[in-house]
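Commentary on secondary and tertiary structure
As a plain string of letters, each chain reads:
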Amino acid sequence: MKKMDEIMELLTEEINGFKKSIEKLEGLSNNLNEVKVKADTSKVEYYIKEHLRGQERIQSLNQRSIKEINQKLKRAKIIPKWLLVLFLSAIIMLSMVITYLSFKVVQNEKVMKTTQIEKAVIENQK
């Protein structure tokens, strides 16, 4: 019986210890329920705002570049300048050659007419 008493004492001590542990847990649980945790998102918001500012800067630079490219495309010519100069100089050279040759042909025709007239005069004199 002595052993039974000892075992009963141990069990009551264990039960009392268990009850105290449960009471402590309930108290801590109540404290946790009362404590409200606030999430601090200020740093995240700051980083997001910084990122958005950077993106806006990049976007404005891109828009400016696109506007410049569009303006250059509007001012661009289909024919390059050097080709235009070459074409015009070739046309000028050809017109000069044609004019010179026309002048020579006219002169040759005059010479031919005068020589024919002279031949006719010479033949008439014979």
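So, a few notes on the structure that sits alongside this text. (Residues numbered from 1 in each chain as written. Predicted model: local features only at pLDDT ≥ 70, side-chain atom pairs only at ≥ 80, totals over all residues. Heavy atoms only, no water.)

1. Topic: the overall build of the protein
- Within the protein, the secondary structure is distributed over 3 helices and 0 strands.
- The linear arrangement of helices and strands in the protein, starting from the amino end, is α-α-α.
- What you see for the protein is a C-alpha radius of gyration of 56 Å, clearly larger than the 14 Å of a compact globule of 126 residues, by over 25%.
- Dimensions of the protein along its principal axes, counting C-alpha atoms only, are 185 × 30 × 15 Å.
- For the protein, the computed accessible surface area is about 13100 Å², with 64% contributed by carbon and sulfur atoms.
- In the protein, which carries 23 positive and 16 negative side-chain charges, the distance between the mean positions of the two groups comes to 25 Å. (Helix = DSSP H or I, 4+ residues; strand = E, 2+ residues; numbered from the N terminus. Rg over C-alpha atoms; globule rule 2.2 N^0.38 Å. Areas by Shrake-Rupley, 256 points an atom, 1.4 Å probe, with all protein chains shown as cover. Lys, Arg positive; Asp, Glu negative; His and termini not counted. Charge placed at Lys NZ, Arg CZ, Asp CG, Glu CD.)

2. Structural notes on a nonpolar patch on the surface
- Together, Ile-78, Ile-79, Trp-82, Leu-83, Leu-84, Leu-86, Phe-87, Leu-88 and Ile-91 line one region of the surface with nonpolar side chains, adding up to about 980 Å² of accessible area.
- Summarising the element assignment, Trp-82 is placed in helix α3 (residues 81–125). (Patch = residues over 30% accessible without salt bridge, like charges linked within 9 Å, V, L, I, M, F, W, Y side chains within 5 Å. Salt bridge = Lys/Arg side-chain N within 4 Å of Asp/Glu carboxyl O.)

3. Here we look at the pattern of salt bridges
- Applying the stated criterion across every chain, the model contains 1 salt bridge.
- One salt bridge in this structure joins Arg-53 and Glu-50, with 2.3 Å as the shortest N-O distance. One end of the pair, Arg-53, and the other, Glu-50, are both in helix α2 (residues 42–75), 3 residues apart, so they sit about a helical turn from each other.
- Taking relative accessible area as the criterion, Arg-53 reaches 41% and is therefore assigned partly exposed. (Buried < 20%, exposed > 50% of the residue type's maximum accessible area, 1.4 Å probe, protein only.)

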